[in-house]
Amino acid sequence: MSGVATHQPAGRFPLKRWWPLGLLALFTLTAVFAPLLAPYDPNTQNLVGRLKPPGTVSRNFHYLLGSDELGRDLLSRVIYGTRVSLLVAVLSVLLSGVVGTTLGLLAGYRRGWAEIVIMRIVDIFLSIPAVLLAIITVAVLGPSLINVVLVLALTRWPRYARVAHGQTLAMAGMSYVENAVLAGAGSARILFRHILPNIAGTLIVVVTLEFGLMVLFEAGLSFLGLGVQPPTASWGAMLSTGRNYVATAWWVATIPGLCLFALVLSVNLTGDAARDRLDPRFR
């Protein structure tokens, strides 16, 4: 019997890694085309059809996934809730990533007082539980979509700063950086033209892992009533409402919960795949 072993060709993305990316793409398309996909306005009420099980028809409403306590179509609210979750996650990751990466690059390259001040601030932020800091900040600023984005960015930028700082320290002594300095390149050009592209792979892995956390944090704040406010559809708020009807209308909480689980799972698995592909230690 031949003992020939088959190997995955270099540079190929394993087939088993495609389904999380496909599921994430499906959620993204759902969020983008929510107005076209939702069968009804997510805020339209039908008190006659409140808490109807999936498949029920009431006053011209065909509740494919059931209705909530105000008779609103659950499918439409889940679709629009996808838009809220992804929008908050994208904006918060973008803002925290830009701020944290810039400060981390500056601390790692300039060293001296800049490094001491920035990294001590990072240590202070990391010493405070992120959820507690988010709750306190939202309670002070007031709950809204914009404030949720700002709060999540405020609590998560130190993660990017620490990673960028460590990577910049390793890259600053490389020969190509020293050659750029000798050639008269400015600090900004060295940081964003020479160092940043070489640490981008590590930062992309951090982004993918942080994205799932942002989705969970947004849902958690909305569950506590500190996130996106009614009547805007949010998975966290739907879970909070649905817990009161678990025994009589399980679909109100179960369906948004399953969607939240599927989205976070797809993001985390995609992040693991990105880590395996971009991090030389896993090749």
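Everything quoted here is computed from the prediction, not taken from an experiment. (Residues numbered from 1 in each chain as written. Predicted model: local features only at pLDDT ≥ 70, side-chain atom pairs only at ≥ 80, totals over all residues. Heavy atoms only, no water.)

> Explain the overall build of the protein chain to me, using residue names and the numbers behind them.
When helices and strands are counted, the protein chain shows ten helices and two strands. In the protein chain, which comprises 283 residues, the proportion classed as buried is 43%. Excluding contacts between residues fewer than 6 apart, the proportion of contacts in the protein chain whose partners are at least 24 apart in sequence is 71%. Total accessible area on the protein chain stands at roughly 14700 Å², and carbon and sulfur atoms take up 67% of it. Averaging the locations of the 22 positively and 12 negatively charged side chains of the protein chain gives two centres separated by 3 Å. (Helix = DSSP H or I, 4+ residues; strand = E, 2+ residues; numbered from the N terminus. Buried < 20%, exposed > 50% of the residue type's maximum accessible area, 1.4 Å probe, protein only. Contact = heavy atoms within 4.5 Å. Areas by Shrake-Rupley, 256 points an atom, 1.4 Å probe, with all protein chains shown as cover. Lys, Arg positive; Asp, Glu negative; His and termini not counted. Charge placed at Lys NZ, Arg CZ, Asp CG, Glu CD.)

> Talk me through unusual backbone geometry; I want residue IDs and the actual numbers.
Following Pro 230, the chain continues to Pro 231 via a peptide bond in cis, the omega torsion being 5°. Structurally, Pro 231 can be placed in the loop between helix 8 (187-223) and helix 9 (235-242). Despite not being glycine, Asn 60 shows a phi value in the positive range, around 70°. Looking at where Asn 60 falls in the secondary structure, it is placed in the loop between strand 1 (56-58) and strand 2 (61-63). In this structure Asn 60 comes out as exposed when scored by relative accessible area, which is 73%. A positive phi angle, close to 60°, is found at Arg 111, a residue other than glycine.

> Could you give me a rundown of the side chain of Glu 115, with the residues and numbers involved?
Mapped onto the elements of the fold, Glu 115 is located in helix 4 (residues 112-127). For Glu 115, a relative accessible area of 15% translates into the label buried. Setting aside residues up to four positions removed in sequence, Glu 115 forms contacts with Ala 107, His 165 and Leu 169.

> Let's hear about the pattern of salt bridges: which residues, and what values?
By the definition in use, this model includes eight salt bridges. One salt bridge connects Asp 68 with Arg 72, and the closest N-O pair in it is separated by 2.8 Å. For the pair Asp 68 and Arg 72, a shared accessibility class is recorded, and that class is buried. Among the ionic pairs, Arg 72 bridges to Glu 69, the shortest N-O distance being 3.5 Å. The same class applies to Arg 72 and to Glu 69, which are both buried. (Salt bridge = Lys/Arg side-chain N within 4 Å of Asp/Glu carboxyl O.)

> Got a sec to walk through the nonpolar core? Specific residues and values, please.
Membership of the largest hydrophobic core comes to 52 residues, with the highest contact counts inside it found for Ile 195, Trp 235 and Leu 263. Within the residue set of this core, elements represented by two or more residues are helix 1 (18-32), helix 3 (74-110), helix 5 (130-141), helix 6 (145-172), helix 7 (175-182), helix 8, helix 9 and helix 10 (251-278). Element by element, the count of residues in this core is highest for helix 8, at twelve residues. Other than its neighbours up to four places away in sequence, Trp 235 contacts Phe 27, Val 78, Gly 81, Thr 82, Ser 85, Pro 256, Cys 259, Leu 260 and Leu 263. (Core = buried A, V, L, I, M, F, W, Y, C linked by side-chain atoms within 4.5 Å.)

> Describe helix 4, listing the residues and the values that go with them.
Over its 16 residues, helix 4 extends 23 Å from the first C-alpha to the last, a length consistent with the 22 Å expected when each residue adds 1.5 Å. Restricting attention to buried positions, one finds in helix 4 the residues Glu 115, Ile 118, Met 119 and Val 122. Taken around the axis of helix 4, the buried residues stretch over an arc of 90°, which confines them to a single face. Projecting away from the buried face of helix 4 at angles above 90 degrees are the exposed residues Trp 113, Ile 124 and Ser 127. (Expected span 1.5 Å × (residues − 1). Arc of directions from axis to C-beta.)

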